[in-house]
Amino acid sequence: MMDQSVTLYDDFLPEDIFLKLQEFLLGERLPWFHSDSTIDYDGCPQYSHMFYSDCEPCSDYWEHIRPVVSHLSPLGLTRVKFNATPKTSEIVQSPLHYDVIDQEDKPVNLNICILYMNDNDGYTYFDDGTRVESKANRCIIFPNRYRHGGTTCTNANRRIVGNFVYL
């Protein structure tokens, strides 16, 4: 799966920008939400905060995310959310999925950027078996046509990742 349409960056953001964002996301000021549309990991909830949806900011905390979007330089932005998955005693995988599908359940031609906010033993996985380990300030960018899933972690209080859907 790791072909030319997939790129992985370590140290994606400049350190000062990343550390400021990490402090905010791992701190206690950001509200996290659970909804029925959020992926559950076999009974372990996942929480999220939607920053951008339906092509416009939808969070009072949008300004904290703007530097990441500027660094990514998308032609157009569709959705930005961050997910927080609590620690479990064993790694649990979420189901494989596309982030955006059309009315015929086909993946829409968009790009996905996953930004890892903390080091832990969780990972993103793809249906060909490829795994990308969670490492703070690591980013993977891939086409939405690749089904992927996330996991819980066992060695941190929670696994936090950003999910950017864009052109």
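Provided above is the structure to which this section pertains.
The paragraphs below set out a description of the structure included in this document. Everything quoted here is computed from the prediction, not taken from an experiment.

## A short note on the sheet that holds strand E1 (residues 7-9)
Here comes step 1: Taking strand neighbours across the sheet as the criterion, the seven strands line up as E1-E8-E5-E10-E4-E2-E3 in an open arrangement whose pairing is antiparallel. Bordering the open sheet on either side are E1 and strand E3 (56-57), each of which pairs with just one other strand.
Here comes step 2: Bridging between strand E2 (residues 47-53) and E3 involves two bridges; their strand directions are antiparallel. Looking at E3, one finds that Tyr-52 is bridged to Pro-57.
Here comes step 3: Its contacts with the sheet put helix H1 (residues 15-26) on E2, strand E4 (77-86), strand E5 (111-116) and strand E10 (158-166), and the angle it makes with E10 is roughly 115 degrees.

## Digging into the pattern of salt bridges
Here comes step 1: Applying the stated criterion to the full structure yields five salt bridges.
Here comes step 2: The shortest N-O distance in the salt bridge between Arg-138 and Asp-10 comes to 2.6 Å. Taken together, the residues span a long stretch of sequence, with Arg-138 in the loop between strand E7 (131-133) and strand E8 (139-143) and Asp-10 in the loop between E1 and H1 at a distance of 128 residues.
Here comes step 3: Assessed through its relative accessible area of 13%, Arg-138 is described here as buried.
Here comes step 4: Residues Asp-127 and Arg-147 are paired through a salt bridge, measuring 3.4 Å at the closest nitrogen-oxygen approach. With Asp-127 in the loop between strand E6 (123-126) and E7 and Arg-147 in the loop between E8 and strand E9 (148-150), the pair connects residues that are 20 residues apart, well separated along the chain.
Here comes step 5: Here Arg-147 falls in the partly exposed class, since its relative accessible area comes to 30%.

## A word on the packing of aromatic side chains
Here comes step 1: A full pass over the atoms with the stated rule returns seven aromatic pairs.
Here comes step 2: Measuring from ring centre to ring centre gives 5.7 Å for Tyr-9 and Phe-12, while their planes differ by 45 degrees; the resulting arrangement is tilted.
Here comes step 3: We classify Tyr-9 as partly exposed; its relative accessible area is 37%.
Here comes step 4: In this structure Phe-12 comes out as buried when scored by relative accessible area, which is 10%.
Here comes step 5: Ring geometry for Tyr-52 against Trp-62: centres 5.1 Å apart, planes inclined by 35 degrees, an arrangement best described as tilted. With Tyr-52 in strand E2 and Trp-62 in the loop between E3 and helix H2 (66-72), the pair connects residues that are ten residues apart, well separated along the chain. In this structure, Tyr-52 and Trp-62 share a single accessibility class: buried.
Here comes step 6: Three or more aromatic residues joined by ring pairs form one cluster here, namely Phe-51, Phe-82 and Phe-164.

The rules we used
Residues numbered from 1 in each chain as written. Predicted model: local features only at pLDDT ≥ 70, side-chain atom pairs only at ≥ 80, totals over all residues. Heavy atoms only, no water. Pairing = 2+ DSSP bridges. Helix = DSSP H or I, 4+ residues; strand = E, 2+ residues; numbered from the N terminus. Contact = heavy atoms within 4.5 Å. Axes fitted to C-alpha atoms, helices over the stretch in contact; angles between N-to-C directions. Salt bridge = Lys/Arg side-chain N within 4 Å of Asp/Glu carboxyl O. Buried < 20%, exposed > 50% of the residue type's maximum accessible area, 1.4 Å probe, protein only. Phe/Tyr/Trp six-rings, centres within 6.5 Å; stacked < 30°, edge-to-face > 60°.

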